[in-house]
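Here is how the chains run, residue by residue.
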Amino acid sequence: MSGAGPVRKVVIAGGGTAGWMAAAALSKMLPMQESSITLVESDEIGIVGVGEATIPPIKTFNAMLGIDENAFVAATKGSFKLGIEFDGWQREGEAYLHPFGPYGHDINGIKFHHFWLKLQKLGFAVPLNEFNMSAVAARHYRFDRPEHIPGPAGPALDYAYHFDAGLYANFLRSYAEERGVVRREGKIEQVQQDSTNGFISALVLDDGTHIEGELFIDCTGFRALLIEQCLQTGYEDWSHWLPCDRALAVPTARTEPLLPYTRSSARAAGWQWRIPLQHRTGNGLVYCSSQLSDDAAAGILMGHLDSEPLAEPRPLKFVTGRRKLAWNKNCVALGLAGGFLEPLESTSIHLIQAGISKLLALFPDKDFKAHERDEYNRLTASQWEHIRDFLILHYKLNERSEPFWRQCAAMEIPDSLRRKIDLFAGRGRLFRYEDELFTDTNWTAVMIGQGLIPTGYDPLVDAVPEGPMKKLLAAMGQSFRQAADNMPTHADYIMRHCKGV
Ligand SMILES: Cc1cc2nc3c(=O)[nH]c(=O)nc-3n(C[C@H](O)[C@H](O)[C@H](O)COP(=O)(O)OP(=O)(O)OC[C@H]3O[C@@H](n4cnc5c(N)ncnc54)[C@H](O)[C@@H]3O)c2cc1C
């Protein structure tokens, strides 16, 4: 037991997605009878307001909070997400879906895609996504919860959500305030430090109020008021690998059918997202400003909308990379204050969730032990780097003709990604490293989707006779199609179970 005792006074600076996720989780997990959590936010500054697509681990976060899923989807006017369609990423006119959930199932401990690869080489022309339940359902715009799907198809389906970012922050705010989190409205004008050790001691608001704390969580978005402006932690810039540095976001009217997946369409010097919600569609263009002017970017975005715009496009600027330390002194940075990775695989909200989980696992005593902070920073760095590599993969393996895309195809990539590509290109081998978010399925989907078909397959597959293997695959494909046929459409499912008011 530490003599200092655990931290009891937490101050969260910022009330966007990151701030309210942290407030909700800490209010659930800390002993609130002896703790105080204060969140400061400024309505005048507002939130970034994008960040509407998620990945399956968010279900674990909601379960930890004890949130009812139907109520959550209704309150955020959300929809269900079975994967991401990448349109034109390998070449113009071709698309593939990166689905959630596994491909088939392992046989004799060997990954399913090896069996598929062998059969492909023998002329079996069934696409890999026929063996992924989420992909089959997505293609038919269907959705159901796994527990309602009979047989092995049920556990094979995985999903996440699309939601309105503003409504999500409101939803978590009600949750956190009910559990005792105190919200302070006001602008942080000054961050005070202890003169002996440089630790943050208080936030000073524009009305002169001092908010003192022991642990400070910086959720002030791109401003990074505490972790950077005060503590000058430093930033690792990754824009030589991920050169897009601007975005324009615009909502449009809802269209039918309501797609149960995000769409990402490659454009001349970047890509466009499309996120279907109950009341509108979220759209945006992520682009590289050295290759495309802001006016040209607006023209591309507005020229590729599939329904009427509901607002003017909103510009955002960013530099891809991460804060050198996610936890510095007594300050932990979450969300955009901690760094930025473009939303190609919807990973930012997940990184907030992962940051909170690690903070809870290493929740500090008042003496803030350096080795606990170091462990947090080590784990965070490795998680960010794995995701960075996965994003670079999408750019590296393109065959598009525009200068931006040719430069991406020619760029030097991190050694860690080079190893992954080489291992997969040979015999489809993949290894998941410590704390790596993306699984074999994710890597397989994108490598094959981007046209990297391994020249071989795991030789151990040859121990399984081909006849039964073909039968097994045919039966699996059929059972997935049947399961999808029996599901309601995505729109019907929402109307019946989680319609927002
Ligand atoms: C173009 C784009 C698309 C994205 N798409 C996705 C996606 O699909 N999926 C995904 O997971 N993520 C996505 N993200 C990331 C996602 O938006 C963020 O991770 C998420 O919104 C968290 O933002 P935040 O809370 O860190 O910052 P913000 O939303 O910017 O919140 C900052 C908070 O700090 C407060 N604040 C700042 N300065 C002060 C001050 N001086 N005084 C008081 N308060 C202050 C603000 O008022 C606000 O409450 C996207 C990001 C961008 C830029």
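Refer to the structure presented above.
As the structure is a computational prediction, the values presented were derived from the model and not from experiment.

A. The arrangement of the pattern of salt bridges in detail. In the structure shown here, the tally under the stated rule is 34 salt bridges. Between glutamate 52 and arginine 280 there is a salt bridge, and its shortest N-O distance comes to 2.9 Å. Highlighted residues: glutamate 52 in the loop between β2 (36-41) and α2 (58-65) and arginine 280 in the loop between β15 (270-276) and β16 (281-287), separated in sequence by 228 residues. Like arginine 280, glutamate 52 is buried. Through salt bridges with shared partners, one network takes in Glu41, Asp43, Arg183 and Glu185.

B. Fine view of helix α1 (residues 17-29). With 13 residues, α1 extends 18 Å from end C-alpha to end C-alpha; this agrees with the ideal 18 Å at 1.5 Å per step. The buried fraction of α1 amounts to 11 of the 13 residues, a majority that puts the element mostly inside the structure. All of the buried residues in α1 are Thr17, Ala18, Gly19, Trp20, Met21, Ala22, Ala23, Ala24, Ala25, Leu26 and Ser27.

C. Focus on the site of the ligand. Around the ligand lies a shell of 34 residues, among which Gly15, Ala53, Ile188, Leu336 and Ile349 are the nearest. For the ligand, an oxygen atom lies 3.4 Å from a polar atom in the backbone of glycine 16. Between the ligand and cysteine 219 there is a distance of 3.4 Å, counted from an oxygen atom to a backbone nitrogen or oxygen. In isolation the ligand offers 1000 Å² of accessible surface; the protein chains occlude 97% of this area. Where the shell around the ligand is concerned, the elements lending two or more residues are α1 and α10 (348-361). Of all the elements, α10 adds the most residues to the shell around the ligand, at three residues. Each residue belonging to the shell around the ligand can be placed in one class, and the counts come to 17 nonpolar, 13 polar and four charged.

D. Highlighting the environment of aspartate 306. Secondary-structure assignment places aspartate 306 in the loop between α9 (294-303) and β17 (314-317). Taking the relative accessible area as the measure of exposure, aspartate 306 reaches 42% and is therefore partly exposed. Sequence-wise, aspartate 306 and arginine 254 are 52 residues apart; in three dimensions their C-alpha atoms are separated by 9.2 Å. Once residues within four sequence positions are removed from consideration, aspartate 306 is found in contact with Thr255 and Arg274. Among the polar contacts made by the side chain of aspartate 306, one reaches the side chain of arginine 274 at a distance of 2.7 Å.

E. The arrangement of the sheet that holds β17 in detail. The sheet built from seven strands is open, its strands ordered β5-β4-β14-β15-β16-β13-β17 with mixed pairing. One side of each edge strand has no neighbouring strand; the edge strands of this open sheet are β5 (95-99) and β17. The average undirected angle you get between the axes of adjacent strands in this sheet is 20 degrees. The pairing of β15 with β16 spans seven bridges and is classified as antiparallel. Residue isoleucine 275 lies in a different strand from β16, and its bridge partner there is glycine 282.

F. Summary view of the side chain of glutamate 41. Relative to the helices and strands, glutamate 41 is located in strand β2. For glutamate 41, the side chain forms a polar contact with the side chain of arginine 183, separated by 2.6 Å. Setting aside chain neighbours within four positions, we find glutamate 41 in contact with Gly14, Gly15, Trp20, Arg173, Arg183, Arg184, Glu185 and Gly186.

Rules used in this analysis
Within each chain, residue numbers correspond to sequence positions counted from 1 in written order. Whole-chain, interface and lining totals are the exception, using all residues; otherwise, since this is a predicted model, local features are given only for residues with pLDDT of at least 70 and side-chain atom pairs are given and counted only at 80 or more. Side-chain numbers here rest on the full set of heavy atoms in the structure, without hydrogens or water. By convention in these notes, a salt bridge is any Lys or Arg side-chain nitrogen within 4 Å of a carboxyl oxygen on Asp or Glu. The helix and strand labels rest on DSSP assignments: H or I over at least four residues marks a helix, E over at least two residues marks a strand, and numbering proceeds from the N terminus. Any residue under 20% of the maximum accessible area for its type is buried, any over 50% is exposed, and the rest in between are partly exposed; the area is computed with a 1.4 Å probe on protein chains only. In this scheme, a helix's expected span is set at 1.5 Å multiplied by one less than its residue total. Proximity is defined per residue: any heavy atom of the residue falling within 4 Å of a molecule or strand makes that residue near it. Pairing of N or O atoms within 3.5 Å defines a polar contact, subject to two protein rules: one partner must be a possible hydrogen donor and the other a possible acceptor, and residues neighboring in sequence count only if both atoms are side-chain atoms. Under the convention used here, a 1.4 Å probe and the Shrake-Rupley method define accessible areas, while residue burial counts only the protein chains that appear. Residue type decides the class: Asp, Glu, Lys and Arg count as charged, Ala, Val, Leu, Ile, Met, Phe, Trp, Tyr, Cys and Pro as nonpolar, and the leftover types, Gly among them, as polar. Note on contacts: a residue pair is in contact if any heavy atoms of the two residues lie within 4.5 Å. Two strands make a pair as long as DSSP finds a minimum of two bridges between them. As a rule, the C-alpha atoms of each element are fitted with a line to give its axis, helices using only the stretch in contact, and angles between N-to-C directions run from 0 to 180 degrees.

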